[in-house]
Amino acid sequence: MSYLTSSRGMRWHYEEEGHGPALLFLHGWGVDGRIWRQQHKYFSRKYRVISLDLPGHGQTEWQPVSLPDIARDILELFIQKDGGRWGVVASSFGGLVALSLAEQEAAGIKALAFVGALPKFVQSEDFLCGLTLARVLKLKGQIQTAYPSIVRVFFRSLFTQTEREGRRYKWIQTFRRQETAPQREALISFLDIIATADLRPVLSQCPIPVQMINGTEDYICPRPLLQNIKKENPQVRLDWLGECGHFPFLTKPYEFNDTLERFLTAYIAVDGITA
């Protein structure tokens, strides 16, 4: 296991593998960096792959922290030390972290890829798709009274019926049982961030190439919502994996890895080839 401590005292756990341009993977709410294991193996052939555990998840300690604080720590410990050859791949809540990174230091990132991630997750008068605030607050209450079982129930809901009946889902369930449960305080704090965060201006002004890879059956990121984001941000590239829910990189890893690699190689130099 590898750890680094930021200047404000947060002890971060990460896993690193491979050589070449740096590729950072950011997980979502309620899971940890091990969720990217199929991408670690594949992309470490050409990249130096790093997956973090976000605060209170996996082996990273918890302390009260804001979204900008998380981004500042990641910039301090990783991106600012690498000369600006980074690619960032973010799932779900990790997309908010990635956009906060881009807001603070876009020059250090060459490409951003989002999976089931949005610049804003909760509905409002000018954002009619996405989760309702009532649903987020309900989940927050359930975390306070039915933890950790509600995390397992919520995780299961993010897969389609077809995915849950497949062989890969059984494998996913096996490694999930081996994970360290995220800390309740971290889950509640991140839900508060999800309830209020609106980084649409950051995405619309982002100078970094952006790809959004989504499952066609993801109820958190429905197709009309992503198509509207694409309409408002023409620079965004949209890719779809059929019959997938919120985690297409788990249930269709080969298709996902190929889709992501084609995007990354257009913008990040690998093995002396200029992107």
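Residues numbered from 1 in each chain as written. Predicted model: local features only at pLDDT ≥ 70, side-chain atom pairs only at ≥ 80, totals over all residues. Heavy atoms only, no water.

Trainee: Explain the overall build of the protein chain to me, and be specific about the residues and the numbers.
Mentor: Helix and strand counts for the protein chain come out as twelve helices and eight strands. The C-alpha atoms of the protein chain give 17 Å as radius of gyration, which agrees with the globular expectation for 275 residues (19 Å, within 12%). Seen through its C-alpha atoms, the protein chain measures out along the principal axes to roughly 50 × 40 × 40 Å. Considering the protein chain as a whole, with its 275 residues, one finds that 55% of them fall into the buried category. Across the protein chain, every contact between residues at least 6 apart in sequence was considered, and the portion connecting residues at least 24 apart equals 78%. About 11800 Å² of surface is accessible on the protein chain, with carbon and sulfur atoms providing 50% of the total. Charged side chains of the protein chain number 32 positive and 29 negative; the gap between the two group centres comes to 5 Å. (Helix = DSSP H or I, 4+ residues; strand = E, 2+ residues; numbered from the N terminus. Rg over C-alpha atoms; globule rule 2.2 N^0.38 Å. Buried < 20%, exposed > 50% of the residue type's maximum accessible area, 1.4 Å probe, protein only. Contact = heavy atoms within 4.5 Å. Areas by Shrake-Rupley, 256 points an atom, 1.4 Å probe, with all protein chains shown as cover. Lys, Arg positive; Asp, Glu negative; His and termini not counted. Charge placed at Lys NZ, Arg CZ, Asp CG, Glu CD.)

Trainee: Tell me about helix H2 (residues 67-77), and name the residues and values.
Mentor: Judged by how many residues are buried, H2 sits mostly within the fold: eight of eleven residues are covered. By the burial criterion, the buried members of H2 are Leu67, Asp69, Ile70, Ala71, Asp73, Ile74, Leu75 and Leu77. In this structure, the buried side of H2 is in contact with strand E1 (2-5), strand E2 (11-17), strand E3 (22-26), strand E4 (48-52), helix H3 (94-105) and helix H8 (184-196).

Trainee: Give me the packing of aromatic side chains: which residues, what numbers.
Mentor: For any pair of aromatic rings, the description consists of the separation of the ring centres together with the inter-plane angle of the planes. Scanning the entire structure with this criterion turns up 16 aromatic pairs. Their ring planes at 35 degrees and their centres at 5.4 Å tell us that Phe155 and Phe247 sit as a pair that is tilted. Here Phe247 lies in the loop between strand E8 (236-241) and helix H11 (248-251) and Phe155 lies in helix H5 (residues 149-157), a separation of 92 residues in the sequence. A ring pair is formed by Phe159 and Tyr169, whose centres lie 5.1 Å apart and whose planes are at 70 degrees; its orientation type is edge-to-face. With Phe159 in the loop between H5 and helix H6 (161-164) and Tyr169 in helix H7 (residues 167-176), this pair connects stretches of sequence that are ten residues apart. No difference in accessibility class separates Phe159 from Tyr169, as the two residues are buried. Here the aromatic cluster, defined as three or more aromatic residues joined through ring pairs, consists of Phe25, Trp36, Tyr42, Phe43, Tyr47, Phe155, Phe159, Tyr169, Phe247, Phe249 and Phe256. When the ring centre of Tyr42 is taken as origin, the NZ or CZ atom of Arg45, which lies over that ring, is 4.2 Å away. Taking the ring centre of Trp240 as reference, the NZ or CZ of Arg223 above it sits at 4.4 Å. (Phe/Tyr/Trp six-rings, centres within 6.5 Å; stacked < 30°, edge-to-face > 60°. Lys NZ or Arg CZ within 6 Å of the ring centre and 35° of its normal.)

Trainee: I'd love a proper account of the layout of surface pockets, names of residues and values included.
Mentor: Rolled over the atoms, a probe with the dimensions of a water molecule shows which regions are left empty. When its volume is computed, the largest pocket comes out at roughly 400 Å³. Taken together, 26 residues make up the lining of the largest pocket; nearest its centre are Trp29, Leu139, Phe154, Tyr219 and Ile220. Of all the secondary-structure elements, those providing two or more residues to the lining of the largest pocket are helix H4 (133-145), H5 and H8. Among the elements that line the lining of the largest pocket, the one with the most residues is H5, at six residues. Approximately 320 Å³ is the volume attributed to the second largest pocket. Lining the second largest pocket are 18 residues, with Val151, Arg152, Arg176, Arg177 and Glu179 sitting closest to its centre. Only H5 and H7 provide two or more residues apiece to the lining of the second largest pocket. Among the elements that make up the lining of the second largest pocket, the one with the highest residue count is H5 (four residues). (1 Å grid on protein atoms, 1.4 Å probe; cavity = no way out; pocket = protein on both sides within 12 Å on 5 of 7 lines; lining within 4 Å. Points joined across faces, edges and corners; volume = space filled by probe spheres on them.)

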